[in-house]
Amino acid sequence: MTDTSAKRTDTRRRWLSSALLTVLLALGLIVTTLAISTQISVERNFTIGTVKLDLNGGAAVVDMTNPDAEHANESNFSEPGFRIKRDFYLKNIGSAAAYYKLYAGYKDTPENNALANALDVEITYKDTGVLLFSGKLSALNLSSAPVADSSLDAGDTVWFTAVFRFSKDAGNDLQNKMLSFDLYARGTQVRNNTNKIFSN
């Protein structure tokens, strides 16, 4: 009987060990299942905005082909030393604050390049007189035009004064020539753009 009693005790121990191991495995499986099935929710709020600029309502800053009564005498712009002064604005009609730059574009021809090198341009902030750009029109291009020091918030408008001078040093060969150029504004978002990077 002792052998039978020892066998029963041994069988009970094995059964209890197996039951305990089964319970521990089941508990481990439940914990693992809970860990896998638990979803961690991270809320991220992204602000989407647009950068859209209105340069002078789409009107030309200077239109020599159709001068109004106030500027009718400017048809002699081709004389060296002659100057034109105009005020114009830039408005942020987008929904995000923007860095901006102003630049000129014209058809790349030898005559246009010579005229652009003879045309001095100065752009200042109208209210403060602080200089934004001063140099030849040829240097006021997209890649080298300066980015404004301050940004333009959504809905804000900034006024500029532009002075265009036909260089006194221009040769007679440039007189009575015509340069047609466009003034553009390029903007880029302020948010997450501390280096004021303008994408192409």
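If you're wondering where the values come from, they're calculated on a predicted model, not measured in any experiment.

Calculation rules
- Residues numbered from 1 in each chain as written.
- Predicted model: local features only at pLDDT ≥ 70, side-chain atom pairs only at ≥ 80, totals over all residues.
- Heavy atoms only, no water.
- Core = buried A, V, L, I, M, F, W, Y, C linked by side-chain atoms within 4.5 Å.
- Buried < 20%, exposed > 50% of the residue type's maximum accessible area, 1.4 Å probe, protein only.
- Helix = DSSP H or I, 4+ residues; strand = E, 2+ residues; numbered from the N terminus.
- Contact = heavy atoms within 4.5 Å.
- Salt bridge = Lys/Arg side-chain N within 4 Å of Asp/Glu carboxyl O.
- Phe/Tyr/Trp six-rings, centres within 6.5 Å; stacked < 30°, edge-to-face > 60°.
- Lys NZ or Arg CZ within 6 Å of the ring centre and 35° of its normal.

Draft legend 1. Quick look at the nonpolar core. Counting 31 residues, the largest nonpolar core has Phe88, Ile123, Leu140 and Phe160 as its most contacted members. Those elements giving two or more residues to this core turn out to be β2 (83–92), β3 (98–106), α2 (110–118), β4 (119–125), β5 (131–136) and β6 (157–166). When residues of this core are assigned to their parent elements, the largest contribution, five residues, is made by β6. Setting aside residues no more than four positions away along its own chain, Leu140 makes contact with Leu102, Tyr103, Ala104, Val121, Ile123, Phe133, Ala145 and Leu183.

Draft legend 2. Structural context of the pattern of salt bridges. This structure, assessed with the given rule, holds two salt bridges. For Lys126, the salt bridge goes to Asp87, with nearest N and O atoms at 3.2 Å. Placement of Lys126 in the loop between β4 and β5 and of Asp87 in strand β2 is noted, with a sequence separation of 39 residues between them. The class for Lys126 is partly exposed, based on a relative accessible area of 45%. Overall, Asp87 belongs to the partly exposed group, its relative accessible area being 35%.

Draft legend 3. Up close: unusual backbone geometry. At Asn192, a residue that is not glycine, the phi angle is positive and equals roughly 55°. With respect to the secondary-structure elements, Asn192 resides in the segment after β7 (181–189). Here Lys196, not a glycine, exhibits a phi torsion of approximately 55°, which is positive. Mapped onto the fold, Lys196 is located in the segment after β7. Taking the relative accessible area as the measure of exposure, Lys196 reaches 26% and is therefore partly exposed.

Draft legend 4. Quick look at the packing of aromatic side chains. A full pass over the atoms with the stated rule returns six aromatic pairs. Ring centres of Tyr125 and Phe160 lie 5.2 Å apart, and the angle between their planes is 40°; this geometry places the pair in the tilted category. Placement of the pair is Tyr125 in strand β4 and Phe160 in strand β6, with a sequence separation of 35 residues. The exposure class assigned to Tyr125 is buried, which follows from its relative accessible area of 12%. In this structure an aromatic cluster arises from ring pairing among Phe88, Tyr100, Tyr125 and Phe160. Above the face of the Trp159 ring, Lys126 is positioned so that its terminal group lies 5.4 Å from the ring centre.

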